[in-house]
Amino acid sequence: MTKNIHFLILFILLNILEFNVNLTKSNPQPQFPCQPPHHKYTFCNKKLSISTRVHSLISLLTIDEKILHLSDNTTSIPRLGLPAYEWWSESLHGIGTNGPGINFNGPIKSATSFPQVILTAAAFNRTLWHSIASAIAVEARAMYNTGQSGLTFWAPNINVFRDPRWGRGQETPGEDPMVVSAYAIEYVTGFQELNSKADKESSNGHGFGNTRRVLKEDDDAGDKLMLSACCKHFTAYDLEKWGDATRYDFNAVVTKQDMEDTFQAPFRSCIQQAKASCLMCSYNSVNGVPACADKVLLDKVRTDWGFDGYITSDCDAVATIYENQNYTKTPEDAVALALKAGTNINCGTYMLRHVKSAFQQGSVLEEDLDRALQYLFSVQFRLGLFDGNPAKGQFAKFGPQDVCTSNNLELALDAARQGIVLLKNDQKFLPLDKRSISTLAIVGPMANVSSPGGTYTGVPCKLKSIHEGFHRHINRTLYAAGCLDIGCNSTAGFPDAISIAKEADYVIVVAGLDLSQETEDLDRYSLLLPGNQTNLVTALAAVSKKPIILVLTGGGPIDVSFAEKDPRIASILWVAYPGETGGKALSEIIFGYQNPG
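Quantities reported herein were computed from a predicted structural model and do not represent experimental measurements. Along each chain, numbering runs from 1 in the same order as the chain's sequence is written. For a predicted model such as this one, the threshold for reporting local features is a pLDDT of at least 70, and the threshold for listing and counting side-chain atom pairs is 80 or more; totals across whole chains, interfaces and linings nevertheless cover every residue. To get the side-chain values, all heavy atoms of the structure are used, and hydrogens and water are removed first.

Secondary structure follows DSSP: runs of H or I at least 4 residues long count as helices, runs of E at least 2 residues long count as strands, and numbering of each begins at the N terminus. Per the secondary structure count, the protein includes 18 helices and 16 strands. A radius of gyration in this sense is built from C-alpha atoms; the matching globule rule multiplies 2.2 Å by the number of residues raised to 0.38. In terms of overall dimensions, the protein is globule-like: its C-alpha atoms have a radius of gyration of 26 Å, near the 25 Å expected for 597 residues. With respect to the principal axes defined by its C-alpha atoms, the protein has extents near 85 × 80 × 40 Å. The classification of residues rests on relative accessible area computed with a 1.4 Å probe and restricted to protein chains. Under 20% of the type maximum is buried, over 50% is exposed, and intermediate values are partly exposed. The buried share of the protein, reckoned over its 597 residues, is 59%. We call two residues contacting when some pair of their heavy atoms lies within 4.5 Å. The contacts of the protein with a sequence gap of at least 6 include a subset with a gap of at least 24, amounting to 77%. Roughly 24,000 Å² of accessible area belongs to the protein as shown, and the carbon and sulfur atoms make up 52% of that amount. Positive: Lys, Arg. Negative: Asp, Glu. His and the chain ends are not part of the count. The location of each charge is read from NZ of Lys, CZ of Arg, CG of Asp or CD of Glu. Positive and negative side-chain charges of the protein, numbering 53 and 61 respectively, have mean locations separated by a distance of 6 Å. For the area figures, the Shrake-Rupley method with a 1.4 Å probe applies, and any residue is considered shielded solely by the protein chains shown.

Okay, structure coming up:
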């Protein structure tokens, strides 16, 4: 009997062990330095200042090991217990899939997809901007705790949206340097500062108001970070690909006044007021000098603005100094120039491949490497990466339960409500009375796209289209694409769209842009609706029983003067890229539950 009990206990223990092993596999933990037996190094001593610890770590590295840390994807150094680290994660309007530091293959399968920045900025609500950044930060830290992200994120984009054709204008807060500056401050402070989840206080009854982030008394003079935000792209960057010019070889010729009044203002605010811990230099040249090789430009942010974070290149922007802009005679000269100018880390492998030979030639000195590593490691230490097991740290409680929460989805919905703009409403056509509608026709290829979020989107919590947002209001909705795609080069879909327009009581046409028209590496050549979209809108307006409602997607300006003057088009709404809650927000506005004014 006793023997059987021993076997039973052993069986139970083995099952518990197997369960814990499987749990660890399904919930991977982030790797971190200073684990035994490497915890006795001076750089692991939390009682010392960050500067002392950083200096100690750098002094232990060989030249080759120092060079390994000049890429966004750093290689592990087992002899010192340093794990590999990926600097590049994205969080523009939610956790994005663009950066290699992010994966959705672990316990967290999705993250809240907030509206694209240009729409959120249209709310002109600083508290909203701060709340969104705080919510994204909690989800980011939760993903780090499950081994699915890093702690360094390359957002926000605070370039001024000066050219309406620019494909990345959608990522920015707009064309006003003051608004862009204000957004930078709210995003960075909301994202970076140390957070206690219990400190969130509601400002509007939804439980997601402005977050007060509280520093503990022992927090190294307030230098600690919950996460690192990166203000990009420095500077005068607003061209992707237009004519013979590309972002990789474009030279922005900027007057001193325009530089100060327009392009630099948001970055100055980001550094001086928001205390950003990262700055990204852009691909383009500024007055003939590549931004990542411009010592005068990069020195200014440290000497005049007091910047103490790290400077990363945009991806392969160090390579473009030589390969696209022909600014140097050799790759070695390009990496030497970037390092000496103040670029600390290269997104990509160009420094990994060429710094060693530049060092051997004498154009890169060890002090150049040490200076770059000082800024890089300082940020990692401020993030607590060298303070032991993060599972036992201040933010260990964040996990899957903090991602895609009802509060975050409600916040995304509120951002879409506040950002959507009513451009036309003849004779108070809106809001519609749903009690008088038996059939609603919705037309347009963007109307049936799941969670239209624009660039740098992740995996949304709930895949919902604009069309689906109307289902809870109207029993019978009809849908036709009208155009096969946003380019609308064919009219083959017109008959189906015209047919349902004739049948319905009211018609909503969703026209505009998607990422096939404007995105990173793609600018527009025209401000008109693409292809035959204008013809589709006017054809539907001609057959509809009542004037139609035109909804415009896209992050850049669109010339719809034809619709403004047409009495058959009663209302025009701009929804940009409204994210996963956009359909619900739009339907609430059209039926009068929310006032876009």
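Residue Pro37 is bonded to the preceding Pro36 through a cis peptide linkage, with omega at 10°. Assignment of secondary structure puts Pro37 in the loop between helix H1 (2-26) and helix H2 (50-59). With phi around 70°, Asp316 is a residue other than glycine that occupies positive phi space. Mapped onto the secondary structure, Asp316 falls in the loop between strand E10 (310-313) and helix H10 (317-323). For Gln427, which is not a glycine, the phi torsion comes out positive at approximately 50°. Assignment of secondary structure puts Gln427 in the loop between strand E11 (421-425) and strand E12 (440-443). For Gln427, a relative accessible area of 81% translates into the label exposed.

Here, two cysteine sulfur atoms that lie within 2.5 Å of each other are counted as a disulfide. Inspection of the entire model under this criterion finds seven disulfides. In this model Cys34 forms its disulfide with Cys44; the gap between the sulfur atoms is 2.1 Å. In this structure the cystine formed by Cys34 and Cys44 twists about its S-S bond by roughly -90°; its chirality is therefore left-handed. Of this pair, Cys34 sits in the loop between H1 and H2 while Cys44 sits in the loop between H1 and H2; the two residues are ten residues apart in sequence, bridging distant segments of the chain. Judged on exposure class, the residue Cys34 and its partner Cys44 are both buried. Disulfide partner of Cys483: Cys488, at an S-S distance of 2.0 Å. The sign of the -55° torsion about the S-S bond sets the Cys483-Cys488 disulfide as left-handed.

Attention now moves to the sheet that holds strand E7 (residues 278-281). The strand order across the open sheet built from three strands is E3-E7-E10, with neighbouring strands paired in parallel fashion. Of all strands in the sheet, those with a lone pairing partner are strand E3 (230-234) and E10, marking the two edges. Each neighbouring strand pair of the sheet contributes to a mean axis angle of 25°, computed without reference to strand direction. Paired strands are those between which DSSP finds at least two bridges. Bridge count between E3 and E7: four bridges; the pairing is parallel. Residue Cys231 lies in a different strand from E7, and its bridge partner there is Leu279. Docked against the sheet, helix H8 (residues 265-272) engages E3 and E7, running at close to 155° with respect to E3. Fitted lines through C-alpha atoms serve as axes, helices being fitted only where they are in contact, and the angles separating the N-to-C directions of these axes extend from 0 to 180 degrees.

To continue, consider the UniProt feature "domain: Glycoside hydrolase family 3 C-terminal" (unreviewed entry) in the protein. As recorded in UniProt, the feature "domain: Glycoside hydrolase family 3 C-terminal" (unreviewed entry) lies at residues 420-596. Overall, residues 420-596 shows 19% helix and 19% strand. The separation of its end C-alpha atoms is 6 Å. UniProt positions are given in the numbering used here, feature names are shortened, and annotations may be inferred rather than shown by experiment.

Per the annotation, domain bounds derive from an automatic or database assignment of domains. Parsing the protein into structural domains produces domain 1 (42-89 + 151-200 + 223-386) and domain 2 (406-591). Look at where the C-alpha atoms of domain 1 and domain 2 centre, and you get two points 38 Å apart. Contact with domain 1, which involves 16 residues of that partner, is made by 17 residues of domain 2. Carbon and sulfur atoms make up 46% of the surface buried where domain 1 meets domain 2, a total of about 1,400 Å² over both sides. Salt bridges are defined by distance alone: a side-chain nitrogen of Lys or Arg within 4 Å of a carboxyl oxygen of Asp or Glu. One can count three salt bridges joining domain 1 with domain 2. Between Glu520 and Arg247 there is a salt bridge whose closest N-O contact spans 2.8 Å. By definition, the buried area sums, over both parts, the 1.4 Å-probe accessible area that each loses when the two are put together.

The biggest cluster of nonpolar side chains holds 115 residues, and the ones touching the most others in it are Trp154 and Phe191. The leading source of residues in this core is helix H5 (residues 126-145), at twelve residues. Looking at which domains feed residues into this core, each of domain 1 (42-89 + 151-200 + 223-386) and domain 2 (406-591) gives three or more. The residues touching Phe191, leaving out its near neighbours within four places in the chain, are Ser91, Ala133, Ile136, Ala137, Ala140, Phe153, Leu227, Ser228 and Ala229. What we call a nonpolar core is a set of buried Ala, Val, Leu, Ile, Met, Phe, Trp, Tyr and Cys residues that are connected through their side-chain atoms within 4.5 Å. Counting 65 residues, the second largest nonpolar core, distinct from the first, contains Trp166, Leu430, Ala501 and Val509.

Within the sequence span of helix H16 (residues 533-543), burial applies to Gln533, Leu536, Val537, Ala539, Leu540 and Ala541. In this fold, the buried residues of H16 make contact with E12, helix H15 (494-503), strand E14 (506-512), strand E15 (548-553), helix H17 (561-564) and strand E16 (569-576).

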